[in-house]
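Close look at the chain arrangement
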Amino acid sequence: MATHTVRCTIKIRAQSSCAGVLTVFLQTSRFNDLNQTYFNSSTVKLDCPTASEPELLRYATSALTSIYREGYRYKMTGIILQNIVPDNQVQLNLLSSPHINRDLKLMRRLDKLRDRFGHKSVRYGVQGLKEE
């Protein structure tokens with residue numbers, strides 16, 4: 001799920017956009033031998049549209065925690081970003097992160113590093129070490 005979040009965030013930044021709503025979903029296989037069928041999703045409306053990976057990862061992890069059930073063998077997880085707006089038209093509010101400029105600089109640096117050394121060169125700990 002974290003890798004999907006990072007990929008989505010990279011794509012919306014490439015479009016000079018930000019997301020205002022994040023949906024996380026997970027699902028078990030209909031065909032497993034354990035007769036465990038489960039599908040759920042959680043949608044989070046962000047205080048302010050963003051393209052910051054750390055911020056979206058925090059929201060996505062929180063949403064996943066709220067729908068995750070122990071003991072199930074999950075087949076699929078995913079993320080959907082909605083309410084996409086151009087990054088130069090983001091309306092800030094009183095609840096906006098005080099670190100918007102810092103996050104913007106960090107994301108530019110990460111994008112440059114990934115362009116130079118490949119998209120797998122910089123990863124977050126929550127993404128794990130296993131290749132997907």
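Below or above, wherever it landed, is the structure these notes cover. On a predicted model such as this, the values are computed, not experimentally measured, just so you know. (Residues numbered from 1 in each chain as written. Predicted model: local features only at pLDDT ≥ 70, side-chain atom pairs only at ≥ 80, totals over all residues. Heavy atoms only, no water.)

Looking at the overall build of the protein
A count of helical and extended segments in the protein gives 3 helices and 4 strands. Beginning at the N terminus, the succession of helices and strands in the protein can be written as α-β-β-α-β-β-α. Principal-axis analysis of the C-alpha atoms gives the protein an extent of 50 × 35 × 20 Å. Here the protein holds 132 residues, and 37% of them are scored as buried. Across the protein, the fraction of contacts at a sequence separation of at least 24, relative to all contacts at a separation of at least 6, is 76%. When the accessible surface of the protein is totalled, it reaches about 8,800 Å², and 53% of it is carbon and sulfur. (Helix = DSSP H or I, 4+ residues; strand = E, 2+ residues; numbered from the N terminus. Buried < 20%, exposed > 50% of the residue type's maximum accessible area, 1.4 Å probe, protein only. Contact = heavy atoms within 4.5 Å. Areas by Shrake-Rupley, 256 points an atom, 1.4 Å probe, with all protein chains shown as cover.)

Some thoughts on helix α3 (residues 100-117)
With 18 residues, α3 ought to run about 26 Å at 1.5 Å a step, and its terminal C-alpha atoms sit 26 Å apart, in line with that. When α3 is considered as a whole, its buried residues turn out to be Asp103, Met107, Leu110 and Arg114. Looking down the long axis of α3, one finds its buried residues gathered within 65° of arc, a one-sided arrangement. Summarising the geometry of α3, the exposed residues directed more than 90 degrees from the buried face are Asn101, Arg102, Lys105, Arg108, Arg109, Lys112, Asp115 and Arg116. (Expected span 1.5 Å × (residues − 1). Arc of directions from axis to C-beta.)

Considering the nonpolar core
The biggest cluster of nonpolar side chains holds 19 residues, and the ones touching the most others in it are Leu22, Val24, Ala60, Leu64 and Leu81. Among the secondary structure elements, those contributing two or more residues to this core are β1 (17-28), β2 (39-50), α2 (53-67) and β3 (74-82). Residue contributions to this core peak at 6 residues, all from α2. Residues in contact with Leu64, not counting those within four places in the same chain, are Met1, Val24, Leu26 and Thr77. (Core = buried A, V, L, I, M, F, W, Y, C linked by side-chain atoms within 4.5 Å.)

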